[in-house]
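So you can see what is in the structure, the chains are spelled out below.
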Amino acid sequence: MRGTRRRRIALVALPALVGSVLIATAPAGADPAGPSAPASSGRSHLEDPGAVSLVRIQLTGADMLDKVVAAGFDLEHGLKRVPAGIEGEAVVTAEQTAELEALGVKILADDEGFAWDDEAEAPAGAFAARAVAPLTHQETVRIARADWFTTKGQGFLYVEARTTEGQQTSPIVGMQLANDSGPGTEFGSARTMSRFVDSGQYMFHRNLFKLDTRPNQIRVTSSTGGVATGHVSNWLEDGAPPLTANPAYRWNFVDGYRHPQQLFSRAEEIARQYPDIAEIVYLPNRTNGYQRKAQATIGGTGQAAVVVSSAAWGHEGGNDVTVEFVDRPGANLPLAVEVSGTAVRVLLAKNASGAPASTAAEVATALRTRSAGLIDRAHPYRTNTGTGIVAATPGPVALTDFLDQKRVGAPEGEVPRGPATIPVLRIGKHRDGRNPGVLIQAQDHAREWVPATTSLESAERLVHNYKSDWETKKIVNNTDIFFILSNNPDGANYSFYNFASQRRNLTNHCPDDNADPGRRNAWGVDLNRNYRVGSAQDGYAGGSSSCVSDTYQGPEKLSEPESKNIVWLVEKYSNIKFMMSVHSNGGQLFWQPGAYIADGRITTPRPPLGDEAFYWQSAARILSQVKAHRQTVVTPENVGGSSDVLYSSAGNVREDLYHTYGIYAFGWEVGGSIYNPATGNWQGGSFQPAWEGNPELVSGHAETMEYANGIMEMFRIAADWGKDNKKPTSQLVPGGGTYAGPVDVRFETSEPATIYYTTDGSRPTMESPRYAATEFREPGQVFHVTETTTFRWFSVDTAGNIEQNYDPSNNDTRNNYRTATVTIAQR
């Protein structure tokens, strides 16, 4: 810090003491074949469904996760961060289980795995040594969070704490937690806290456990004698009533899942019905389309196999093409190709003895070069060199794009083939840039059906209640809302009609070794890995260069029309200041940082403390509205920077929009775990839960309604932000004055705001040091002042209001910044 460099012992910055599943996607040569079961069944396109089993797995962190994904295993969002890394489930064959173990994945026994420990125990040994020691700046333990919440009649306490000795491994430093039972009561028996490590880096100790009585204070003690106490805060206990609490408020419009054609048709219908407050903006880059080339793999999978793809899309004539390998009588016959209409006949070569002589490589070359333009891709199977001798086929083999092979439970009707234009439903009384814009982007990942219905429900509530509900009128009059109801229509159609577990778009960027139709359910780009900031191309974890990985980043940044469209939209409509990328089914709400370099766990830049506080404040408002519907609680452990909450996701959209355009960009995993009072456990969800299901537990309908409450609250946050012209205030605590000896001080603000300060006598500017968090997920740092020091500072809130109208430019001579002098008396 500048002050400590220039004034050797003036300041020392100190910590503040404060109050899935994995599914195999055909790795190692397994052929996914045919229509699949729905994604909610938890089974993918394995070659032999009868040979698979469900295993529970443990990974050490994002670096191992990348290796597993690169090997072709499908990452779902049901993964859970645990003390030793990440836990999840895999539906795999015995061979694939061995493959996971070879990658270093631990296969968990039935009685293994992480669970929060509710049992209290008496502290002993080192933990008891300094249980009542006073707190000083030399302490090694810090409490980051202590949150109380209730759900479905049960109370919970969540605590996050750190020790400065957490990285130590020999011995590992333990932590214990004790709580009182309310003001004036004693601390009770202690519980052991769990130490969390990610990619070899210590993160924190934390615990979540049931309590029947709300505590007032907690005490955390380390095995090396450190101790800290802190007050307990309420989590989601004080939210305002939801809009749906008004008996006259209209809601519950969406009565089932919607495929992209239904979503887009309804968006356009809303714009026609409500032209005074709604319109359609068509995105300029058409998708690559719900379309594929017609294909066949002829001759098995050995060295004699040939993979054939049509030049035309299947629906544009490729499905009419047939290929036949013909054995002719005679000897010394050359390889030849005959074409009649859409029928291609390969006349196989014969050697001098009259035996077949054409290799797969030779046949593939002949098809590419002599098929009159009907075939544009022909090659040996996968990594084969094509040295095998090709056998004649029993007759013509019809090529197919496989899109007519509908999965069980697919909707009725046909899907329009070819590229799609994505409509954006824009809702707002004043759609001229004067109001803050909010972008709601749903269904980046095709198999996530609830985000689309949640977004549509939110749009319906706006237009139907605009004239009758004052709160809705304020939203529509004071914001400019952009709904992308499905950002991945090609993949979503494939999920609805062909393969329910499809995550990516349908673009096949694979070279020949992964281009056969057996790989068709593993093609596509993960749109939420295709952006420019913190990308896998730049060394960040969580994106894959494998074209059959479910986190495939694409051949280059912004290679896909869907991601290009998002950039186009926020650049054209620069009033967009808020964004929610809606996903499922993890039960999380997060923001930046979203990616890190695994070696050393180096994250993308963290938001300033003021932005971080604004994110947390907004999250509490949004999630309180979710809870109001049926007591669903997104727990504090699942809120924050996404790379801290879950794992690294390189090249995600949130990172790009925040760091490139200054947009407050949230990621929302709707669904996830919900507390089941009948069993006393948290119960997970799925990507496509039964629409009605259990209305108190897993239900697509209930999730749609409760998370629509949260989106509506985000609109209110944006409206409040746009009207905010109140200047923030800040203070140095305990403040300026004379102290007998060294003193700890910190800054406090009246609202989420960023503080810029100096201690070297200069006037503060936007280039001055920025008041920072002690560490991630913690409040602001504490300065240990050892000699007389003058602080000069100002604060800026998230809406850009500057304290006391101070102008931080160098041209302002008023110098109406804040100032306080901490005088340390000389002894």
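Residues numbered from 1 in each chain as written. Predicted model: local features only at pLDDT ≥ 70, side-chain atom pairs only at ≥ 80, totals over all residues. Heavy atoms only, no water.

Draft legend 1. Focus on unusual backbone geometry. For the bond from Ser-170 to Pro-171, the omega torsion is -5°, close enough to zero to count as cis. For Pro-171, the location among the structural elements is in the loop between strand S9 (154–163) and strand S10 (175–179). Located in the positive-phi region is Lys-152, a residue other than glycine, with phi close to 50°. Counting through the fold element by element, Lys-152 comes out in the loop between strand S8 (141–151) and S9. (Helix = DSSP H or I, 4+ residues; strand = E, 2+ residues; numbered from the N terminus.)

Draft legend 2. A look at the sheet that holds strand S23 (residues 375–380). Overall, antiparallel pairing links the three strands, which are arranged S18-S19-S23 in an open sheet. For this open sheet the edge positions go to strand S18 (293–298) and S23, each flanked by a neighbour on one side alone. Each neighbouring strand pair of the sheet contributes to a mean axis angle of 15°, computed without reference to strand direction. The pairing of S18 with strand S19 (residues 306–313) spans five bridges and is antiparallel. Across the sheet, the residue bridging to Ile-298 is Val-306, located in S19. (Pairing = 2+ DSSP bridges. Axes fitted to C-alpha atoms, helices over the stretch in contact; angles between N-to-C directions.)

Draft legend 3. Structural context of the state of the cysteines. Within this structure, the stated rule accounts for one disulfide. Here Cys-510 pairs with Cys-547 through a disulfide, and the sulfurs are 2.1 Å apart. With the S-S dihedral at roughly 115°, the linkage between Cys-510 and Cys-547 falls on the right-handed side. Note that Cys-510 is positioned in the loop between helix H9 (489–497) and helix H10 (561–572) and Cys-547 in the loop between H9 and H10, a separation of 37 residues in sequence. Accessibility assignment for this pair places Cys-510 and Cys-547 in one class, buried. (Disulfide = S-S within 2.5 Å. Buried < 20%, exposed > 50% of the residue type's maximum accessible area, 1.4 Å probe, protein only.)

Draft legend 4. Local environment of the side chain of Gln-58. If you trace the backbone, Gln-58 turns up in strand S3 (residues 53–59). The class of Gln-58 is buried, set by a relative accessible area of 19%. Every residue in contact with Gln-58, bar those within four places of it in the chain, is listed here: Met-64, Ala-84, Ile-86, Glu-87, Val-105, Lys-106 and Leu-108. (Contact = heavy atoms within 4.5 Å.)

Draft legend 5. Structural view of the environment of Gly-395. If you trace the backbone, Gly-395 turns up in the loop between S23 and strand S24 (397–398). Of the residues examined, Gly-395 reaches a relative accessible area of 13% and is grouped as buried. Taking C-alpha positions, Gly-395 is 7.7 Å from Phe-325, a pair spaced 70 residues apart along the chain. For Gly-395, the residues in contact, after removing those within four places along its chain, are Val-323 and Glu-324.

Draft legend 6. Representation of the nonpolar core. Core analysis: the biggest nonpolar cluster contains 95 residues, and Leu-425, Phe-483, Trp-668 and Phe-715 have the highest contact counts within it. Counting residues per element, this core draws most heavily on helix H14 (residues 700–723), which supplies eight residues. Excluding anything up to four places from it in sequence, Phe-483 contacts Pro-423, Val-424, Leu-425, Ile-427, Ile-440, Ser-455, Ser-458, Ala-459, Leu-462 and Phe-715. In terms of nonpolar packing, the next biggest core, distinct from the first, is built from 24 residues, Val-346, Ala-349, Leu-374 and Ala-378 among them. (Core = buried A, V, L, I, M, F, W, Y, C linked by side-chain atoms within 4.5 Å.)

Draft legend 7. Fine view of the pattern of salt bridges. This structure, assessed with the given rule, holds 44 salt bridges. Between Glu-460 and Arg-266 there is a salt bridge, with the nearest N and O atoms lying 2.7 Å from each other. Pair noted here: Glu-460 is in helix H7 (residues 450–465) and Arg-266 is in helix H5 (residues 260–273), with a separation of 194 residues, a long-range link. Several salt bridges converge on common partners, so that one network encompasses Glu-471, Lys-474, Arg-621, Glu-713, Arg-716 and Asp-720. (Salt bridge = Lys/Arg side-chain N within 4 Å of Asp/Glu carboxyl O.)

Draft legend 8. Structural context of the packing of H5 against H7. Where H5 meets H7, the closest approach of the two axes is 12 Å, and the angle between their N-to-C directions is 15°. Here H5 is positioned roughly parallel relative to H7, judged by the angle of their axes. Of the two possible hands of crossing, H5 and H7 adopt the one that is left-handed. The residues of H7 that touch H5, namely those facing Leu-263, Arg-266 and Ile-270, are Ala-452, Leu-456, Glu-460, Val-463 and His-464. (Parallel < 35°, antiparallel > 145°, perpendicular 65-115°, else oblique. Left-handed = near helix turned anticlockwise from the far one by under 90°.)

Draft legend 9. Quick look at the sheet that holds strand S27 (residues 480–484). As summarised here, the arrangement of the eight strands in space is S17-S25-S27-S26-S28-S33-S29-S32, forming an open sheet in which the pairing is mixed. Two strands lie at the open edges of the sheet, namely strand S17 (278–282) and strand S32 (639–641), each paired on one side alone. If you compare each strand with its neighbour and ignore which way they point, the axes differ by 20° on average. Note that strand S29 (residues 588–591) and S32 share three bridges and pair parallel. If you follow Leu-589 over to S32, its bridge partner there is Val-639.

Draft legend 10. Structural view of the environment of Ser-549. Looking at where Ser-549 falls in the secondary structure, it is placed in the loop between H9 and H10. What makes Ser-549 buried here is its relative accessible area of 0%. In the structure, Ser-549 is positioned 27 residues away from Ala-522 in sequence and 6.9 Å away in space, judged by C-alpha atoms. Among residues more than four places away in sequence, those in contact with Ser-549 are Val-69, Arg-504 and Ser-544.

Draft legend 11. Here's a closer look at the side chain of Thr-754. Inspection of the secondary structure puts Thr-754 in strand S39 (residues 753–758). In terms of polar contacts, Thr-754 uses its side chain to reach the backbone amide nitrogen of Gly-610, at 3.4 Å. Apart from the residues lying within four places of it in its own chain, the contact partners of Thr-754 are Pro-608, Gly-610, Asp-611, Arg-770, Phe-794, Ser-795 and Val-796. (Polar contact = N/O pair within 3.5 Å; in protein donor to acceptor, adjacent residues only side chain to side chain.)

Draft legend 12. Representation of the packing of aromatic side chains in the model. One pass over the structure, following the stated rule, counts 36 aromatic pairs. Summarising the aromatic geometry, the rings of Trp-235 and Trp-616 are spaced 6.1 Å apart at their centres and angled 70° between planes, so their arrangement reads as edge-to-face. With Trp-235 in the loop between strand S16 (233–234) and H5 and Trp-616 in helix H11 (residues 609–630), this residue pair connects regions lying 381 residues apart in the sequence. Taking the relative accessible area as the measure of exposure, Trp-235 reaches 3% and is therefore buried. Look at Tyr-615 and Tyr-664: their rings are 5.7 Å apart centre to centre, the planes differ by 80°, and that puts the pair in the edge-to-face class. Here Tyr-664 lies in strand S33 (residues 664–670) and Tyr-615 lies in helix H11, a separation of 49 residues in the sequence. The class for Tyr-615 is buried, based on a relative accessible area of 0%. Taken together, the ring pairs in this structure connect Trp-235, Phe-578, Trp-591, Phe-614, Tyr-615, Trp-616, Tyr-658, Tyr-664, Phe-666 and Trp-721 into an aromatic cluster. (Phe/Tyr/Trp six-rings, centres within 6.5 Å; stacked < 30°, edge-to-face > 60°.)

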